[in-house]
Amino acid sequence: MRPPTEFDPPPSPWIERYAALIRAGGRVLDLAAGGGRHTRLLLARGYSVVAADRDTTALRSAITDDAACRTVALDLENGEAWRLGGGYDGIVVTNYLYRPVFADLVAALAPAGVLLYETFMLGNERFGKPSNPDFLLRPNELIEAFMPHLTVVAFEQGIVSRPRPAAIQRLVAIKGGIIAVD
Ligand SMILES: C[S@@+](CC[C@H](N)C(=O)[O-])C[C@H]1O[C@@H](n2cnc3c(N)ncnc32)[C@H](O)[C@@H]1O
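Residues numbered from 1 in each chain as written. Predicted model: local features only at pLDDT ≥ 70, side-chain atom pairs only at ≥ 80, totals over all residues. Heavy atoms only, no water.

**Q** Describe the sheet that holds strand β5 (residues 109-120), listing the residues and the values that go with them.
**A** Taken together, seven strands build an open sheet; the order of strands is β3-β2-β1-β4-β5-β7-β6 and the sheet is mixed. Looking at which strands have only one partner, the edges of the open sheet turn out to be β3 (69-73) and β6 (151-160). Across the sheet, the axes of successive neighbouring strands diverge by a mean angle of 10°, strand direction being ignored. (Pairing = 2+ DSSP bridges. Helix = DSSP H or I, 4+ residues; strand = E, 2+ residues; numbered from the N terminus. Axes fitted to C-alpha atoms, helices over the stretch in contact; angles between N-to-C directions.)

Encoded structure:
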């Protein structure tokens, strides 16, 4: 992993805060990982990471595949069955929405595994992209989608000012019963 530079986008404060709930030393999936800002955070915290994206060019320039990190190039929206396996202690999804994988995310979590999700919601169109409603969560959508299957630890929705104004929704949920959250 190369050292961070001032040009690397910072991790989401939501992921920084709640990644602490993932079992120490566990295995985490960073789905639609982009340039790997959360992959880098997770690796630095001692997790092993599977970083998956349709385009792994940016990932591969920042991260070297080794025992702790595997990058996977795949199209999540090509209609094929889920190819990323399961037993993850954590799954991170940020700034990506493809509703058909929601059930796969639940299935891919290990017992006590933690789902950390943050992406844009309706209302974001007034701030810029994404503005296509297909890529914007409806009010309460994350909590309605995952609450029947996971134990919700935290949920927020609204407008944030940083890193730029945006309408977002974010969720943390555990597979199984309640756990220590402090
Ligand atoms: C806005 S970026 C978010 C990247 C990262 N999660 C973050 O928050 O920094 C969205 C990512 O989704 C990936 N993506 C879009 N469509 C995809 C698909 N069909 N299959 C896999 N990845 C896809 C893009 O390549 C891009 O890296």
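**Q** Kindly report on the pairing of β6, identifying the contributing residues and their values.
**A** In terms of strand pairing, β6 meets strand β7 (residues 166-174) through nine bridges, oriented antiparallel. The partner of Glu 156 across the bridge, within β7, is Arg 170.

**Q** Could you give an account of the layout of surface pockets, with specific residues and numbers?
**A** Estimates place the volume of the largest pocket at around 720 Å³. For the lining of the largest pocket, the secondary-structure elements that each account for two or more residues are α2 (37-44), α3 (57-62), β5 and β7. Per-class residue counts for the lining of the largest pocket are 14 nonpolar, nine polar and nine charged. Put simply, the second largest pocket is a space of about 300 Å³. Around the second largest pocket sit 14 residues that line it, and Arg 54, Glu 77, Asn 95, Tyr 96 and Leu 97 are the ones nearest its centre. Classifying every residue of the lining of the second largest pocket by side-chain character gives eight nonpolar, two polar and four charged. (1 Å grid on protein atoms, 1.4 Å probe; cavity = no way out; pocket = protein on both sides within 12 Å on 5 of 7 lines; lining within 4 Å. Points joined across faces, edges and corners; volume = space filled by probe spheres on them. Nonpolar A, V, L, I, M, F, W, Y, C, P; charged D, E, K, R; others polar.)

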